[in-house]
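# Structural overview
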Amino acid sequence: MYNRGGQNHGNYGNRDRGRRGRGRGRGGRGGHPSGLSGPQIGLWHKNRGRGGRGGHPPGLTGAQIGLFYKQKSQETKIRKEREQRQEVKMTESHEKKLVDMLESLNNAPSSMDQAGGSATSNLDNHHDDFRLPKPLVGNDEGMNEWLKKDLINKEKYNQTYKQMSEFRKKLPSYEMKDKIVQLISSNQVVVISGETGCGKTTQVAQFVLDDAIVKGKGSTCRVVCTQPRRISAISIAERVSEERGETVGNGSTGYQIRLESQLPRDQGSIIFCTTGVVLRWLISDPDLTRASHIIIDEIHERSIHSDFLLIVVRDILPRRPDLRVVLMSATLNAELFSQYFNNCPMLNIPGFTFPVRQHFLEEIIKILSYKYQPKTKTHFHRGRGRRNDEKRRKEEMWRDYLNLVQSREKDTFTVECLESMDFDTIDYCLVERLLMYIGRDMQDGAVLVFLPGWKDISTLHDMLKKNPFFSSEKFLVLPLHSLMPTVNQRQIFDRPPRGVRKIVLSTNLAETSITIDDVVFVVDCGKTKEKNFDVDKELATLLPVWGSKASCKQRKGRAGRYCEQCYIQGI
């Protein structure tokens, strides 16, 4: 069958490959070089190991050949990924920007003091779209007089300001206005704890600014209030500007978050920003000379940024005796933070909410006549060790609770349902049934559902969209997550048309700082995602855990802001 003409042999191989897909080594895929004689062709294949594509070692079985090629393909994939990582593609504009940044670093002052002495260092001028407020200047009598007249005119002629003032006077924090202002002015650090609905987040900064304006020191006052989340900074700035009869960025109130800012006027102003923005200020302003008052809100969340800011601020205080620091939270161990700042004074503001009816899981099961369909059966592990002991302890507590429900409710059906439920996962079907019940039989108003993470939000969102009951125009389902763009996050504050019920699926993002004013029902699944460290695997984890009592109290506080409302816990 072999033809000594190499060209003809190559044609034969190509013809055979095109007909049956065969012809390995005959001029086809992985074939020998053209122009070889028959013995030379055989010798060429022998040297290659006759291993087929790419050549596997001789003497391998079929399974071993498969493993060989599997490992080889994995090595090829890893090599290509490394080559792609090593390749850097850069446009001319990006290259020019990088060069400008490197030049600015080379020309920047070497010491922190020199960087802080200038109005804006070279680091601030590179093209990262980050704007710094102008430094505070000395006392300006002309500006003080103008600010005082502007405040008086608002009180007399601005109808929006007068209407909002009537609302502000009903808040518990307003009743303690004089005490708050006196405490802040006479102490460098103050810790304020307030119950949900007391108005501390929106009012304390205004108390400080208005007091400075009335006393003729408005030009030297700039209140910086930090928030843990972008949406909190924006929504609170909009609310405060509305209460002051202004628009955001065109008066005394503004905000600044990463890649977006609406800064207020330079003198006599309030800036709401994220904690990371203030840390960014410290690069070129290590003494925070751009602020006269620092309000750190929601410090109970204890993030890395907020804890680091507290450390830096405590070091700044001796160098800035004129700086005033206010620490605020709805639920916080006030004594702990007071001790950290040399036993600074503390103040507690009582909260105000309308009555909130609270329903627990066993009540919801009974109302819906819900029957749980277990997918997998939960097994409690036996054995030794701290973790197994903890599981056994929880199992005993759970049994005691079931016995209590049995004796109290006299309802065997509910107890059997609770016994069969898997509490390691979220029961989306139960949440869906509950939302259907609220949409069909309950009063009008928005529903806020707390879920652990984005996966749970997207799963429930897809279920509701597929359900014909929620696919009508009578329901508006909106997800809320920290990774969503700011434009999409702000949609949750818009009131829907009459006859449309808004359902917000959120993480603990909506737990503090923000208020969705049309929420009537809060459904709490009882879990939140928490950062932790797995000692055995030596990895950082973000896993769902049961929420604390303080967290549940905060979520309950999302209801009851404007009318008598309902809170459903433990789904």
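Residues numbered from 1 in each chain as written. Predicted model: local features only at pLDDT ≥ 70, side-chain atom pairs only at ≥ 80, totals over all residues. Heavy atoms only, no water.

Under the annotation held in an unreviewed UniProt entry, the chain carries the name ATP-dependent RNA helicase DHX36 and is attributed to Paramuricea clavata.

## Thoughts on empty space enclosed by the protein
As enumerated under the stated definition, the model contains two cavities of 30 Å³ or more in all. Taken as a whole, the second largest cavity holds about 30 Å³ of empty space. Lining the second largest cavity we find Leu147, Asp150, Leu151, Lys154, Ile213, Arg244 and Arg265. Of all the elements, helix H7 (residues 141-157) adds the most residues to the lining of the second largest cavity, at four residues. Across the lining of the second largest cavity, the residue classes break down as three nonpolar, no polar and four charged. (1 Å grid on protein atoms, 1.4 Å probe; cavity = no way out; pocket = protein on both sides within 12 Å on 5 of 7 lines; lining within 4 Å. Points joined across faces, edges and corners; volume = space filled by probe spheres on them. Helix = DSSP H or I, 4+ residues; strand = E, 2+ residues; numbered from the N terminus. Nonpolar A, V, L, I, M, F, W, Y, C, P; charged D, E, K, R; others polar.)

## Description of the pattern of salt bridges
Counted according to the given criterion, the structure contains 14 salt bridges. Note that Glu246 and Lys154 form a salt bridge whose closest N and O atoms lie 2.2 Å from each other. Separated by 92 residues along the polypeptide, Glu246 in the loop between helix H12 (230-243) and strand E3 (253-257) and Lys154 in helix H7 bring together distant segments of the chain. The class for Glu246 is buried, based on a relative accessible area of 14%. Take Lys154: its relative accessible area is 8%, and that puts it in the buried class. As a salt-bridge pair, Asp287 and Arg319 come within 2.8 Å of each other at their nearest N and O atoms. Of the two residues, Asp287 is situated in the loop between helix H13 (275-281) and strand E6 (293-296) and Arg319 in the loop between helix H14 (304-316) and strand E7 (324-329); the sequence distance between them amounts to 32 residues. Arg319 gets classed as partly exposed once you look at its relative accessible area, which sits at 48%. Taken together, the shared-partner salt bridges connect Asp150, Lys154, Glu246 and Arg265 into one network. (Salt bridge = Lys/Arg side-chain N within 4 Å of Asp/Glu carboxyl O. Buried < 20%, exposed > 50% of the residue type's maximum accessible area, 1.4 Å probe, protein only.)

## Side note on the sheet that holds E6
Strand order in the open sheet formed by eight strands is E4-E3-E5-E2-E6-E7-E1-E8, with mixed pairing between adjacent strands. Among the strands making up the open sheet, the edge pair consists of strand E4 (260-262) and strand E8 (346-349). When the angles between neighbouring strand axes are averaged without regard to direction, this sheet yields 20°. Pairing geometry for strand E2 (residues 222-227) and strand E5 (residues 269-274), over six bridges, is parallel. By the bridge assignment for E5, Cys225 is matched with Phe272. Taken strand by strand, helix H11 (residues 200-214) contacts strand E1 (189-194), E2, E5, E6, E7 and E8, and its axis lies near 145° from that of E5. (Pairing = 2+ DSSP bridges. Axes fitted to C-alpha atoms, helices over the stretch in contact; angles between N-to-C directions. Contact = heavy atoms within 4.5 Å.)

## With respect to H14
Taking 1.5 Å per residue, 13 residues should reach 18 Å; H14 reaches 18 Å between its end C-alpha atoms and fits that length. Among all positions of H14, only Ser306, Leu309, Leu310, Val312, Val313 and Ile316 are buried. Residues of H14 that are buried in the fold lie against E2, H13, E6, E7 and helix H15 (334-340). (Expected span 1.5 Å × (residues − 1).)

## Quick word on the nonpolar core
Counting 36 residues, the largest nonpolar core has Ile180, Ile184, Ile192, Val204, Val223, Phe272 and Ile295 as the members making the most contacts within it. Of the residues forming this core, the biggest block, seven residues, is contributed by H11. The contact partners of Ile184, leaving out residues within four places of it in the chain, are Val190, Val204, Val208, His293, Arg324 and Val326. Ranked by size, the runner-up nonpolar core spans 35 residues in total, among them Tyr370, Leu418, Met421 and Leu435. (Core = buried A, V, L, I, M, F, W, Y, C linked by side-chain atoms within 4.5 Å.)

## Brief notes about H11
Given a rise of 1.5 Å per residue, 15 residues ought to cover 21 Å, and the 21 Å separating the end C-alpha atoms of H11 matches this to within 8%. Among the 15 residues that make up H11, 13 are buried, leaving the element largely enclosed by the rest of the structure. Downstream of H11 by one or two residues, Gly216 has phi in the positive range, about 75°.

## Description of the confidence of the model for the chain
Looking at the chain, pLDDT values average 78 and 77% of them are 70 or higher. E6 holds the highest mean pLDDT among the elements of the chain, 95, whereas helix H6 (residues 122-125) holds the lowest, 37. Contacts for the low-pLDDT stretch residues 1-30, under 50 throughout, to residues beyond four places or in other chains number 37 contacts. Confidence over residues 109-128 falls short of pLDDT 50; this stretch has 31 contacts with residues more than four positions distant or in other chains. (pLDDT = per-residue confidence, 0-100.)

## Side note on unusual backbone geometry
At Leu259, a position not held by glycine, the phi torsion is positive, near 70°. We classify Leu259 as exposed; its relative accessible area is 63%.

## So, the packing of helix H16 (residues 361-368) against helix H18 (residues 412-420)
One can describe the packing of H16 onto H18 by two numbers: an axis separation of 10 Å at closest approach and a directional angle of 120°. On the basis of their axis angle, the class for H16 and H18 is oblique. In this structure, H16 meets H18 at a crossing whose hand is right-handed. On the side of H16, the interface is formed by Leu361, Glu362, Ile365 and Lys366, while H18 contributes Phe413, Thr414, Cys417 and Leu418. (Parallel < 35°, antiparallel > 145°, perpendicular 65-115°, else oblique. Left-handed = near helix turned anticlockwise from the far one by under 90°.)

## Topic: the environment of Glu432
Note that Glu432 resides in helix H19 (residues 428-441). Sequence-wise, Glu432 and Asn467 are 35 residues apart; in three dimensions their C-alpha atoms are separated by 9.0 Å. Ignoring anything within four residues of it in the chain, the contact list for Glu432 reads Met463, Leu464, Asn467 and Phe470.

## So, the pairing of strand E14 (residues 527-534)
Sheet topology note: the E14/strand E15 (residues 539-546) ladder contains eight bridges and is antiparallel. Within E15, the position partnered with Lys527 by the bridge is Trp546. Connecting E14 to the next strand, E15, in antiparallel fashion are four residues, including Glu538 with a positive phi near 55°.

## Observations concerning the packing of H7 against helix H8 (residues 159-168)
Contact pair H7 / H8: the axes reach a minimum separation of 6 Å and the direction vectors enclose 80°. In terms of orientation, H7 and H8 fall into the roughly perpendicular class. Of the residues in H8, those touching H7 at Leu151, Lys154, Glu155, Lys156 and Tyr157 are Gln159, Tyr161 and Lys162. Residue composition of the contact of H7 with H8, by class: three nonpolar, one polar and four charged.

## Observations concerning the environment of Leu279
If you trace the backbone, Leu279 turns up in helix H13. Look at Leu279 and you get buried, because its relative accessible area is 16%. A sequence separation of 27 residues divides Leu279 from Ser306, and the C-alpha atoms of the two residues are 9.3 Å apart. Not counting residues within four places of it along the chain, the set of residues in contact with Leu279 comprises His305, Phe308 and Leu309.

## Considering the packing of aromatic side chains
Aromatic ring pairs are defined here through the distance separating the ring centres and the angle between the ring planes. Under the defined criterion, the tally for this structure stands at five aromatic pairs. With a centroid separation of 5.2 Å and 85° between ring planes, the pair formed by Tyr340 and Phe341 is classed as edge-to-face. By relative accessible area, Tyr340 is classed as partly exposed at 27%. Accessibility expressed as a relative area gives 5% for Phe341, which makes it buried. Between Phe469 and Phe470, the ring centres sit 5.1 Å apart and the planes meet at 85°, which makes this aromatic pair edge-to-face. Among the residues examined, Phe470 registers a relative accessible area of 3% and is labelled buried. An aromatic cluster of at least three residues, connected via ring pairs, comprises Phe469, Phe470 and Phe475. The side chain of Lys527 reaches across the aromatic face of Trp546, ending 4.8 Å from its centre. (Phe/Tyr/Trp six-rings, centres within 6.5 Å; stacked < 30°, edge-to-face > 60°. Lys NZ or Arg CZ within 6 Å of the ring centre and 35° of its normal.)

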